[in-house]
Amino acid sequence: ITGRAPKLQYDTKKPLFSLSLKNMFQKKPIMLSISPVAIRSSWPCTARLIVRASAKAVTKVIVHRQPAEDVIKAKGVRSWPTWGCGVSKFPWTYKENETCYILEGKVVVTPDGGEAVEINAGDLAIFPAGMSCIWDVKAPIDKHYNFH
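Residues numbered from 1 in each chain as written. Predicted model: local features only at pLDDT ≥ 70, side-chain atom pairs only at ≥ 80, totals over all residues. Heavy atoms only, no water.

## Concerning the overall build of the protein chain
Part 1 of the argument: In terms of helices and strands, the protein chain carries 1 helix and 10 strands.
Part 2 of the argument: Secondary structure elements of the protein chain occur, N-terminal to C-terminal, as β-β-β-β-α-β-β-β-β-β-β.
Part 3 of the argument: Considering only contacts in the protein chain between residues 6 or more positions apart, those separated by 24 or more positions represent 66%.
Part 4 of the argument: On the protein chain, roughly 9,700 Å² of surface is accessible, and the fraction owed to carbon and sulfur atoms is 56%. (Helix = DSSP H or I, 4+ residues; strand = E, 2+ residues; numbered from the N terminus. Contact = heavy atoms within 4.5 Å. Areas by Shrake-Rupley, 256 points an atom, 1.4 Å probe, with all protein chains shown as cover.)

## Considerations on the nonpolar core
Part 1 of the argument: Core analysis: the biggest nonpolar cluster contains 16 residues, and Val61, Val107, Val109, Ile119, Phe127 and Trp135 have the highest contact counts within it.
Part 2 of the argument: Other than its neighbours up to four places away in sequence, Val61 contacts Val109, Pro111, Val117, Ile119, Ala125, Ile126, Phe127 and Met131.
Part 3 of the argument: Judged by nonpolar contacts, the second largest core, of 5 residues, contains Ile72, Val77, Trp80 and Tyr101. (Core = buried A, V, L, I, M, F, W, Y, C linked by side-chain atoms within 4.5 Å. Buried < 20%, exposed > 50% of the residue type's maximum accessible area, 1.4 Å probe, protein only.)

## Here's the deal with the pattern of salt bridges
Part 1 of the argument: Inspection of every chain in the model, using the stated rule, returns 5 salt bridges.
Part 2 of the argument: A salt bridge links Glu98 to Lys143; the shortest N-O distance between them is 2.6 Å. Taken together, the positions of Glu98 in strand 7 (residues 98-111) and Lys143 in strand 10 (residues 132-147) put the pair 45 residues apart, joining distant regions of the chain. In terms of burial, Glu98 and Lys143 fall into one category: buried.
Part 3 of the argument: Between Lys106 and Glu118 there is a salt bridge whose closest N-O contact spans 3.8 Å. Of this pair, Lys106 sits in strand 7 while Glu118 sits in strand 8 (residues 117-120), placing them 12 residues apart in sequence. (Salt bridge = Lys/Arg side-chain N within 4 Å of Asp/Glu carboxyl O.)

## What about the confidence of the model for the protein chain?
Part 1 of the argument: Per-residue confidence for the protein chain averages 79 on the pLDDT scale, and 61% of its residues sit at or above 70.
Part 2 of the argument: In this model, residues 23-27 is a region of pLDDT below 50 whose contacts with residues beyond four sequence positions or in other chains number 3 contacts. (pLDDT = per-residue confidence, 0-100.)

## Considering the environment of Lys143
Part 1 of the argument: Taking the relative accessible area as the measure of exposure, Lys143 reaches 5% and is therefore buried.
Part 2 of the argument: In this structure the C-alpha to C-alpha distance between Lys143 and Ala121, which are 22 residues apart in sequence, comes to 8.6 Å.
Part 3 of the argument: Apart from the residues lying within four places of it in its own chain, the contact partners of Lys143 are Pro81, Thr82, Trp83, Glu98, Cys100, Tyr101, Ile102, Leu103 and Trp135.
Part 4 of the argument: Side chain to side chain, Lys143 and Glu98 meet in a polar contact 2.6 Å long. (Polar contact = N/O pair within 3.5 Å; in protein donor to acceptor, adjacent residues only side chain to side chain.)

This is how it looks when you write it as structure tokens:
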């Protein structure tokens, strides 16, 4: 094969793709990004990739809307400690995974770089370790919680 390969252009500041992994030893989510560093336009076309891993946390809150009482009992939710607060707005970072069951109230949680999630009385929510967010408590909250 002779000739020149087509000139490939990539934005080297943006990853080609990203993959979330869970570090088995530290039990913390990590983000793996692969980005092109240099692309030669001569044949054969070669590329050099840099792989970076960071402790950027997963930014998704998982909400189970109104789980059945048998699910609540199976998890032992009623034996978990409780916490509450009034209408307020504050930043929070989760050092560990947290599962909580909202007994009363309403909150909108907005993860840094993520979408806002509304959590209401009767919902079970799971927050990932390392996630930073804003809690916007719309109606006074009372919840059971469990760090894991």
